[in-house]
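# Reading the structure
Single-letter residue listing:
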Amino acid sequence: MSFAPYDRPVRVAIVGLGRVYDLNVRAYLDNPDAEVVALVDPSEERRQQRQADWPGARTFASAAELAASGLEVDAVEALLPIPLHADGVVELLGYGWHVNLQKPMCNDLAGAARLLEAARASGRQLRVMENYVFYEPLRKLKETVESGELGEVSGYHMKMVASGRGGWDVPGSTYEWQFEQAQRGRGVLVFDDGWHKLATAIWLFGPIAEVRAWIGTTEVIPGIGVDAPSTLVFEHRNGIRGVLDITLAVDMYLRSDYYTNDERWEVTGRRGYARVNRCTGRGIQQPSLEVYLDGEMRSFHALDDDWASSFRDSGRHWLRWLHTGEGPLWWSGDEAVSVLRFALAAYASSAAGGAGVDPDTLE
Ligand SMILES: NC(=O)c1ccc[n+]([C@@H]2O[C@H](COP(=O)([O-])OP(=O)(O)OC[C@H]3O[C@@H](n4cnc5c(N)ncnc54)[C@H](O)[C@@H]3O)[C@@H](O)[C@H]2O)c1
């Protein structure tokens, strides 16, 4: 640990006040560990809208304006569009602020190296938050697997169906950043949403030894493609194999309070299996976790399966961590690089016709 933990509320600037702010902000509401002192976004409309949540915070059009203002800031909640992550976070760390960054960390290993170096040089902490590992049904799944009750793990799969209808509104400007990402070969389903699934894979079963992938594309409007169908198959260093299956159902309506993701995780052991039925959306209306053993199905009815709670708990974990410096960050900068390598290995494999790629060999 390269800093003294705080024994007072952490003074926070939220940088980027777009769609995901509505989720990340849940960690800050009624949290004595933090004081939101600044709101930063070039959009005046966004600044005005979010000021209603934090009447005492000062607003700025850029991080540079905030830095020049002399306002004391300890940490930043970085909710920037993905193409701005590398340069933007180097800037934030350079001002001497700890950074809690949204995923994906950045687009390539050169950008990741710059981020890690900026954190090292400033002596500040870089965290790449992963809210999925705070989703209670997934935590319970992990606990079930680790208890051994399913027997030795035989394999697992993760499923993501991106549906085109339902959920909350996503502004056109948010999609524009995503299209820019897609043009750089970093599609929304494999790289942006897929980041979460790859992160849960590493969290559940550890480092990845080999990835084989077939990344497809579907034109949704003329000239604009979405990166599905895509299939990623991988083996962990411990020999466990997993599959991530990504499909697009453009015309399917999915009930959701947030994005319209129909997601599942199913781990099969020698004796039984455990399945998380949903996460972001409300696809399967059964209890969010079911465990099958010896002819009986156990259903978990009382888990906090509101996806937004995972943002609340991830953010609270970070703010508490800044007070103690103890325990895992989920994720540290170095751990996030392992997720990035996993994704990049999938692209390398797909480009090579599905050949096996060891993420650690990528340069
Ligand atoms: N964990 C999740 O499940 C999840 C879900 C959605 C988005 N995200 C991530 O959150 C991040 C933001 O996504 P979003 O959907 O909120 O995007 P968005 O486009 O809705 O919001 C981005 C905001 O940043 C502002 N902005 C642009 N340039 C800026 C700058 N230089 N300084 C400060 N603000 C600037 C924009 O005006 C906008 O308000 C991305 O990294 C995305 O991948 C994560």
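Structure report, in brief.

So, how was this worked out
Residues numbered from 1 in each chain as written. Predicted model: local features only at pLDDT ≥ 70, side-chain atom pairs only at ≥ 80, totals over all residues. Heavy atoms only, no water. Phe/Tyr/Trp six-rings, centres within 6.5 Å; stacked < 30°, edge-to-face > 60°. Helix = DSSP H or I, 4+ residues; strand = E, 2+ residues; numbered from the N terminus. Buried < 20%, exposed > 50% of the residue type's maximum accessible area, 1.4 Å probe, protein only. Core = buried A, V, L, I, M, F, W, Y, C linked by side-chain atoms within 4.5 Å. Contact = heavy atoms within 4.5 Å. Pairing = 2+ DSSP bridges. Axes fitted to C-alpha atoms, helices over the stretch in contact; angles between N-to-C directions.

### Looking at the packing of aromatic side chains
Ring pairs (aromatic) are described by centroid distance and by the angle formed between their planes. Per the stated rule, a full pass over the model turns up 19 aromatic pairs. Arranged with centres 5.6 Å apart and planes meeting at 85 degrees, the rings of Phe-134 and Trp-330 form a pair that is edge-to-face. Of the two residues, Phe-134 sits in the loop between β6 (126-128) and α6 (136-147) while Trp-330 sits in the loop between α9 (307-324) and α10 (333-351), which places them 196 residues apart along the sequence. Judged on exposure class, the residue Phe-134 and its partner Trp-330 are both buried. Summarising the aromatic geometry, the rings of Tyr-175 and Phe-179 are spaced 6.3 Å apart at their centres and angled 20 degrees between planes, so their arrangement reads as stacked. With Tyr-175 and Phe-179 both in helix α7 (residues 172-183) and four residues apart, the pair spans about one turn of that helix. Residue classification places Tyr-175 among the partly exposed residues on the basis of a relative accessible area of 42%. Taken together through their ring pairs, the aromatic side chains of Tyr-132, Trp-168, Tyr-258, Tyr-259, Trp-265, Trp-307 and Phe-311 make up a single cluster.

### So, the nonpolar core
Counting 116 residues, the largest nonpolar core has Ile-14, Tyr-28, Trp-54, Met-105, Leu-141 and Phe-234 as the members making the most contacts within it. Here this core gets 11 residues from one element, more than from any other, and that element is helix α8 (residues 188-205). Aside from chain neighbours lying at most four places away, what touches Tyr-28 is Val-12, Ala-34, Val-36, Trp-54, Glu-77, Trp-318 and Leu-319.

### With respect to the sheet that holds strand β8 (residues 208-215)
The eight strands are arranged β8-β11-β12-β7-β13-β14-β15-β16 in an open sheet whose pairing can be described as mixed. Each edge of the sheet is formed by a strand with only one pairing partner; in this case those strands are β8 and β16 (296-300). Sheet twist, expressed as the mean angle between neighbouring strand axes with direction ignored, is 15 degrees. Where β8 meets strand β11 (residues 230-236), seven bridges bridge the pair, whose relative direction is antiparallel. By the bridge assignment for β11, Glu-210 is matched with Glu-235. Packed on one face of the sheet, α8 meets β7 (153-165), β8, β11, β12 (241-253) and β13 (261-269) and runs near 155 degrees to β7.

Read these as geometric descriptors, not functional statements.
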